[in-house]
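# Working through the structure, step by step
If you want the building blocks of each chain, they are given just below.
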Amino acid sequence: MPIYHKLGKIPPKRHTIFEKPGGGLYYEQLFGTVGFDGMSSLLYQINRPTMIQAIGESVDVSPKIAIAKNIHPRKLIGFDVPAKADYLESRTPLLVNTDIHIGLAAPEQSLRDYFYKNADADELLFIHRGTGTLRTLLGNIPFEYGDYLLIPRGMIYQIDFDTTDNRLLYAESFHPIYT
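Parameters and conventions
- Residues numbered from 1 in each chain as written.
- Predicted model: local features only at pLDDT ≥ 70, side-chain atom pairs only at ≥ 80, totals over all residues.
- Heavy atoms only, no water.
- Pairing = 2+ DSSP bridges.
- Helix = DSSP H or I, 4+ residues; strand = E, 2+ residues; numbered from the N terminus.
- Axes fitted to C-alpha atoms, helices over the stretch in contact; angles between N-to-C directions.
- Polar contact = N/O pair within 3.5 Å; in protein donor to acceptor, adjacent residues only side chain to side chain.
- Contact = heavy atoms within 4.5 Å.
- Phe/Tyr/Trp six-rings, centres within 6.5 Å; stacked < 30°, edge-to-face > 60°.
- Buried < 20%, exposed > 50% of the residue type's maximum accessible area, 1.4 Å probe, protein only.
- Salt bridge = Lys/Arg side-chain N within 4 Å of Asp/Glu carboxyl O.
- Core = buried A, V, L, I, M, F, W, Y, C linked by side-chain atoms within 4.5 Å.
- Patch = residues over 30% accessible without salt bridge, like charges linked within 9 Å, V, L, I, M, F, W, Y side chains within 5 Å.
- Areas by Shrake-Rupley, 256 points an atom, 1.4 Å probe, with all protein chains shown as cover.

## A look at the sheet that holds strand β4 (residues 100-105)
If you walk across this open sheet you meet the 5 strands as β3-β4-β11-β6-β9, and the pairing is antiparallel. This sheet does not close on itself; its edge strands, each paired only once, are β3 (91-96) and β9 (148-151). Strand-to-strand twist in this sheet, taken as the mean axis angle between neighbours without regard to direction, amounts to 20°. As paired strands, strand β6 (residues 122-129) and strand β11 (residues 167-173) are joined by 7 bridges and run antiparallel to one another. By the bridge assignment for β11, E123 is matched with E172.

In structure tokens form, the structure reads like this:
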């Protein structure tokens, strides 16, 4: 049986006209991570969710494989990953296969110049060091040391850090992550 959680005002029935108090309509958006399969959220927005001002240059964040199809023992010293200003550029993949990419990141600055969406994978962030706020269209989530943040694929987000000393363990899963 599905579990429904609601925040704010919603219409009495789904997929019907929902009028704003001052006139006009709220725009309905069904956000699902695997099309119409799996978990989803039904969102009502003031502005059309398709209003895009600009699309920035694409950045290839796919990992570069050091040694393919071979097993070597490695000692991974995570806190030695160099810090970088940009959130995406700070990501260093360590272990990759066709199902998951696991890596570390040491971003010094908040992700505020652009919005990011991973359209291919669910992301799981573990906060090793730092505090801040994850900002999504579903709301803001404060985080601190020891927290896990699960960001489903397709979720547009920004991340604000309170300091420049941040350490994250991240996992990009190409299959849905369910809790």
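The discussion continues.
## Some details on the sheet that holds strand β5 (residues 111-117)
Taken together, 4 strands build an open sheet; the order of strands is β5-β10-β7-β8 and the sheet is antiparallel. Looking along the sheet, the strands with just one partner apiece sit at the ends: β5 and β8 (139-143). Direction aside, neighbouring strands of the sheet carry axes that sit 25° apart on average. When β5 meets strand β10 (residues 156-161), the two strands line up antiparallel, connected through 3 bridges.

## A short note on unusual backbone geometry
The phi dihedral of H15 falls on the positive side, at around 60°, and the residue is not glycine. Relative to the elements of secondary structure, H15 occurs in the segment before β1 (27-34).

## Here we look at the side chain of Q45
Tracing the backbone through its elements, the reader meets Q45 in strand β2 (residues 37-45). At 2.5 Å, the side chain of Q45 and the side chain of Q29 are in polar contact. Once residues lying within four places of it in the same chain are set aside, the contact partners of Q45 are Y26, Y27, Q29 and L137.

## So, the packing of aromatic side chains
Throughout the structure, instances matching the rule amount to 7 aromatic pairs. Relative to F161, the ring of Y87 lies with its centre 6.5 Å away and its plane at 40°, an arrangement referred to as tilted. Of this pair, Y87 sits in the loop between β2 and β3 while F161 sits in strand β10, and the two are 74 residues apart along the sequence. F161 sits in the buried class, given a relative accessible area of 9%. Residues F143 and F161 carry aromatic rings whose centres are separated by 6.0 Å and whose planes lie at 80° to one another, so their mutual orientation is edge-to-face. Of this pair, F143 sits in strand β8 while F161 sits in strand β10, and the two are 18 residues apart along the sequence.

## A word on the pattern of salt bridges
All chains considered together, the criterion is met by 6 salt bridges. A salt bridge links D122 to R153; the nearest nitrogen and oxygen atoms lie 3.1 Å apart. Taken together, the residues span a long stretch of sequence, with D122 in strand β6 and R153 in the loop between β9 and β10 at a distance of 31 residues. Comparing D122 with R153 shows no difference in burial state: the two are buried. With a closest N to O distance of 2.5 Å, D160 and R135 form a salt bridge.

## Details of the nonpolar core
Grouped together as the largest cluster of nonpolar side chains are 19 residues, with contacts concentrated most on Y87, L125, Y157 and I159. With 3 residues, the single largest contributor to this core is β10. With residues up to four places along the chain from it excluded, the contact list for Y87 reads P107, L111, E123, L125, Y157, I159, F161 and L168.

## Observations regarding a nonpolar patch on the surface
On the surface, a nonpolar cluster with roughly 380 Å² of combined accessible area is contributed by F115, L137, L138 and I156. Locating F115 in the fold gives a position in strand β5. A residue is classified by how much of its surface remains accessible, and F115, at 61% relative accessible area, is exposed.

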